[in-house]
Amino acid sequence: MDMLLNPLNRRHRLWHDIPVVPGAFPLVGHFPAMVRDLPRLLRRAERTLGSHFWLNFGPAGHLMICVDPDAFALLRHKDVSSALIGEMAPELLGGTLVAQDGGAHRQARDAIKAALLPKGLTQAGIGDLFAPVIRARVQAWRDRGDVTILCETGDLMLKLIFSLMGIPAQDLPGWHRKYRQLLQLIVAPPIDLPGLPLRRGRAARDWIDAQLRQFVRDARSHAARTGLISDMVSAFDRSDDELSDDVLVANIRLLLLGGHETTASTMAWMVIELARQPVLWDALVEEAQRVGAVPTRHADLAHCPVAEALFRETLRLHPPVTLLPRRTLQELQLGQRRIPAGTHLGIPLLHFSTSPLLHEAPDEFRLERWLQRTEPIRPVDMLQFGAGPHVCIGYHLVWLELVQFCIALALTMHKAGVRPRLLNDAEKGQRYYPTAHPSMTICIGFS
Ligand code: HEM
């Protein structure tokens, strides 16, 4: 099928001397084509217009995309700001650290990051907390025989994230409901009337924030709550400049959002790849049998190179975060061009992730890339997590939970004498924006 572009808008035009991709629709711009087939849209634009071009993000205006690898280096540039993220999604991300720069960003990030580093995760016993939840879920899949994979991984990830926050099991259904309503803020039209997504989403956000505020109070009064929140509250309270509870609450909500759909998509793709490539499954089963149990500490992950390679290669071919919005604060050089101050940029992580400049045979799924390498992982090898001051704060957590998941899946299914099988076409129905994921309808059988 051809891309969802407006056939009435074929005119080639320049804006600030840079070509605008034809085919935008009124109001929604290139969104339909970005959501349905961003990789093809980027490749076609590069082929026909060159390395720099504008995409129309509907109400958010135009963002300039540069597919020259120099654009990735901008993530570390001091004259490039993240504030545009908060302006594009004010209801969800306004006031959170992902949309801040400089001192304000550093202060909030410093207070949160320790809890999510290997030491903090191990001290809080996060691996021990997750292992039984993951095991129970894959055992249920084994008993059912087939599953709609993205629904299942989405649900499992929510459970893990809520348990990370120390939310008691009996409260989970209420949280699930409110969280789903919160997500409506991503697509809500700007009409604030009862019953419409904006009103419902805001109400859900207020509910979630009120609960988180209570968690923070409990943590301060040393109530029996476990989870990362206590560590974050103590770090916040120890920070040099006093940070308000509003900042803490907005950023805990950011952790819920940042760690859910991204990881659920990667987990679903892992199962799809294992189902369609029997040699991968055999290699994973061999490793799982050798280690014998689901790892629970970061130190154990070194014993699971196949699961780690699976995590890295799946992310490389299916990065969930596709474009990062930024704004230039000064005029600067980008590839062959000077870019004026105030330019809105979209840094195309998706494009770099499968670039032939960075990888041999970039479209092939090859575990050997990771298994045979001798040098340490460089920032460009994990570009799916961004780079520079905003590099993903959840990287070590994702690594732990995805390796735990792979090993639990292989042990459980192999013991039952079954393996994953793909029951429909994985190439259809993928989505690429706001985050990328496989089709909601893909089924995996275990037989
Ligand atoms: C496969 C899973 C994940 C991927 C691919 C991913 C990707 C990313 C990327 C690309 C960024 C950079 C954003 C930017 O520079 O504008 C980011 C930032 C962030 N991520 Fe993740 N993420 C994942 C999982 C998680 C998890 C599990 C958490 C937390 C529990 C998390 C929390 C965050 C936060 C808080 C930020 C903002 C950091 C900052 O602005 O300093 N992410 N992530």
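The structure presented is a predicted model; accordingly, all values stated were derived computationally and were not measured.

## A short note on the sheet that holds strand 12 (residues 443-446)
Okay, so step 1: Read across the open sheet, the 3 strands follow the order 6-12-11; overall the sheet is antiparallel. Sheet topology places strand 6 (146-148) and strand 11 (420-422) at the edges, where each strand pairs with a single neighbour. The sheet shows a mean angle of 30° between the axes of neighbouring strands, direction not considered.
Okay, so step 2: Pairing analysis gives 3 bridges linking strand 11 to strand 12, with the strands arranged antiparallel. In the strand pairing of strand 12, Leu422 is matched with Ile444.
Okay, so step 3: Across the sheet, helix 13 (residues 261-276) touches strand 11 and strand 12, and the angle it forms with strand 11 is around 90°.

## Examining the site of the ligand
Okay, so step 1: In the vicinity of the ligand, 28 residues are found, and the nearest of them are His105, Arg109, Arg326, His390 and Cys392.
Okay, so step 2: The contact in question runs from a nitrogen atom of the ligand to an N or O atom on the backbone of Gly258, over 3.4 Å.
Okay, so step 3: Here Arg326 contributes a side-chain N or O atom positioned 2.7 Å from an oxygen atom of the ligand.
Okay, so step 4: When residues of the shell around the ligand are traced back to their parent elements, those giving at least two are helix 5 (102-116), helix 12 (245-258), helix 13, strand 7 (324-328) and helix 18 (395-415).
Okay, so step 5: Tallied by class, residues from the shell around the ligand come to 16 nonpolar, 10 polar and 2 charged.

## Details of the packing of aromatic side chains
Each aromatic ring pair is described using two quantities: the centre-to-centre distance and the angle formed by the ring planes.
Okay, so step 1: One pass over the structure, following the stated rule, counts 15 aromatic pairs.
Okay, so step 2: Each ring, one from Phe385 and one from Tyr395, has its centre 5.0 Å from the other, and the planes form 75°; the classification is edge-to-face. Taken together, the positions of Phe385 in the loop between helix 17 (368-371) and helix 18 and Tyr395 in helix 18 put the pair 10 residues apart, joining distant regions of the chain.
Okay, so step 3: Classification of Phe385 as buried rests on a relative accessible area of 12%.
Okay, so step 4: Among the residues examined, Tyr395 registers a relative accessible area of 8% and is labelled buried.

## Some thoughts on the nonpolar core
Okay, so step 1: Counting residues in each nonpolar core, the largest one holds 105 residues, and the members touching the most others are Leu284 and Leu409.
Okay, so step 2: Sort the elements by how many residues they give to this core and helix 18 lands first, with 14 residues.
Okay, so step 3: Here Leu284 is in contact with Leu274, Val306, Ala307, Leu310, Cys406, Ile407 and Ala410, once residues within four sequence places are set aside.

## A closer look at the pattern of salt bridges
Okay, so step 1: In this structure the tally under the stated criterion is 29 salt bridges.
Okay, so step 2: The partner of Asp206 in a salt bridge is Arg205, and the shortest N-O contact between them spans 3.9 Å.

## Details of the packing of helix 5 against helix 11 (residues 228-238)
Okay, so step 1: Where helix 5 meets helix 11, the axes come as close as 8 Å, and the angle between the chain directions of the two elements is 145°. Considering how the two elements wind past one another, helix 5 and helix 11 form a crossing that is right-handed. Across the interface between the two elements, Ala108, Ala111, Ile112, Ala115 and Leu116 of helix 5 pack against Leu228, Asp231, Met232, Ala235 and Phe236 of helix 11.
Okay, so step 2: Here the residues of the contact of helix 5 with helix 11 are counted per class, giving 9 nonpolar, no polar and 1 charged.

## Brief notes about the confidence of the model for the protein
Close inspection of predicted coordinates is inappropriate for parts of the model with low pLDDT.
Okay, so step 1: For the protein, per-residue confidence averages 93 on the pLDDT scale, and 98% of positions sit at 70 or higher.
Okay, so step 2: This complex was scored by the predictor with a pTM of 0.95 and an ipTM of 0.99.

## Some thoughts on the side chain of His390
Okay, so step 1: Position of His390 among the secondary structure elements: in the loop between helix 17 and helix 18.
Okay, so step 2: Given the relative accessible area of 18%, His390 is considered buried.
Okay, so step 3: Of the polar contacts made by the side chain of His390, one reaches the side chain of Ser82; its length is 3.2 Å.
Okay, so step 4: Look past the residues within four positions of His390 in its chain and what remains in contact with it is Ser82, Leu97, Val98, Gln100, Asp101, His105, Arg109 and Arg326.

## Let's talk about the pairing of strand 3 (residues 52-56)
Okay, so step 1: Counting buried residues in strand 3 gives 5 out of 5 residues, a clear majority hidden from the surface.
Okay, so step 2: Side chains of strand 3 alternate between two faces, with His52, Trp54 and Asn56 and Phe53 and Leu55 buried alike.
Okay, so step 3: Alignment of strand 3 against strand 4 (residues 62-66), held across 5 bridges, turns out to be antiparallel. Residue pairing across strands places His52 opposite Cys66, the latter belonging to strand 4.
Okay, so step 4: In this structure, the hairpin formed by strand 3 and strand 4 is closed by a connection of 5 residues, where Gly58 is found at a positive phi of approximately 55°.

## A look at the coordination of the iron atom of the ligand
Okay, so step 1: One donor from the polypeptide reaches the iron atom of the ligand: Cys392 (SG), at 2.3 Å.
Okay, so step 2: Within the secondary structure layout, Cys392 lies in the loop between helix 17 and helix 18.

Analysis parameters
Residues numbered from 1 in each chain as written. Predicted model: local features only at pLDDT ≥ 70, side-chain atom pairs only at ≥ 80, totals over all residues. Heavy atoms only, no water. Pairing = 2+ DSSP bridges. Helix = DSSP H or I, 4+ residues; strand = E, 2+ residues; numbered from the N terminus. Axes fitted to C-alpha atoms, helices over the stretch in contact; angles between N-to-C directions. Contact = heavy atoms within 4.5 Å. Near = heavy atom within 4 Å. Polar contact = N/O pair within 3.5 Å; in protein donor to acceptor, adjacent residues only side chain to side chain. Nonpolar A, V, L, I, M, F, W, Y, C, P; charged D, E, K, R; others polar. Phe/Tyr/Trp six-rings, centres within 6.5 Å; stacked < 30°, edge-to-face > 60°. Buried < 20%, exposed > 50% of the residue type's maximum accessible area, 1.4 Å probe, protein only. Core = buried A, V, L, I, M, F, W, Y, C linked by side-chain atoms within 4.5 Å. Salt bridge = Lys/Arg side-chain N within 4 Å of Asp/Glu carboxyl O. Left-handed = near helix turned anticlockwise from the far one by under 90°. pLDDT = per-residue confidence, 0-100. Donors = N, O, S within 2.8 Å, 3.2 Å for Na, K, Ca; no water.

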